[in-house]
Amino acid sequence: MNFVEARLAKLARNGDRNAFAELVELYKDKIFHLAYRMLNNKQEAEDAVQETFLRVYTNLHRYDENQKFSTWIFRIGTNLCIDKLRRRKNTYSLDAEMPDGEGNDFYAMLPSQDDTPEKQIIVSETQEQIRRAIDTLPEKYKSIVILRYLQDMSLQEISEVLDMPVTTIKTRVHRGREYLRKSIEQEEKNANTNPVPR
């Protein structure tokens, strides 16, 4: 696959629009899912996909064919999302409602056993709880946790995407997981001490 992508990138760099269109086709959904998980907003994720491919197109001359194309494009997409998160940090609200239940896409990769309505409710509440916990992660852990657990990347791949040593990635994965665990435990504790009135 890497050979095919490297060849397409080379052709696109030399002005072959069809080759670039094939690269877009190969990666648009992957970049959208990454952006949606990081930004939690469909419109912003769509914008991030367009910006990512714009940056890819204008920087094709910088792509090193010895490097995996997927690593290069994920780095561009992840950095763009991190920039967007930084820009909106002051106005970002954790209480913002998800429009039209789009959060359902967020967990498309999680297996669920649709046995009973009760089980569906529990699964749905758990997924919502995880989404809220991921939203509260500090920036430096958020992208790493998403790439590791939702994009299923290896520590080595994340290291290449974020241009950080594997040891740093390993530490941040561990701390991010710990942060998520504490965040979920705290939420459950709060729910148990403040039951919803019937």
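Residues numbered from 1 in each chain as written. Predicted model: local features only at pLDDT ≥ 70, side-chain atom pairs only at ≥ 80, totals over all residues. Heavy atoms only, no water.

(A) Quick look at unusual backbone geometry. One non-glycine residue with positive phi stands out, namely asparagine 40, at about 60°. The residue asparagine 40 is located in the loop between helix 2 (17–39) and helix 3 (42–58) in this model. One non-glycine residue, aspartate 152, lies in positive phi territory at about 60°. Mapped onto the secondary structure, aspartate 152 falls in the loop between helix 7 (139–150) and helix 8 (155–162). Assessed through its relative accessible area of 59%, aspartate 152 is described here as exposed. (Helix = DSSP H or I, 4+ residues; strand = E, 2+ residues; numbered from the N terminus. Buried < 20%, exposed > 50% of the residue type's maximum accessible area, 1.4 Å probe, protein only.)

(B) Looking closely at the confidence of the model for the protein. Of the residues in the protein, 77% reach a pLDDT of 70 or more, and the chain-wide mean stands at 79. The element-level mean pLDDT for the protein is lowest in helix 5 (residues 103–106), coming to 41, with helix 3 highest at 93. The low-confidence segment residues 90–114, where pLDDT is below 50, has 28 contacts with residues more than four positions distant or belonging to other chains. (pLDDT = per-residue confidence, 0-100. Contact = heavy atoms within 4.5 Å.)

(C) Main features of the packing of helix 4 (residues 69–88) against helix 7. The contact between helix 4 and helix 7 brings their axes to 11 Å, and the two run at 145°. The element helix 4 and its partner helix 7 pack so that their crossing is right-handed. Where helix 4 abuts helix 7, its residues Thr78, Ile82, Leu85 and Arg86 lie against Glu139, Lys142, Ser143 and Leu147. Residue composition of the contact of helix 4 with helix 7, by class: 3 nonpolar, 2 polar and 3 charged. (Axes fitted to C-alpha atoms, helices over the stretch in contact; angles between N-to-C directions. Left-handed = near helix turned anticlockwise from the far one by under 90°. Nonpolar A, V, L, I, M, F, W, Y, C, P; charged D, E, K, R; others polar.)

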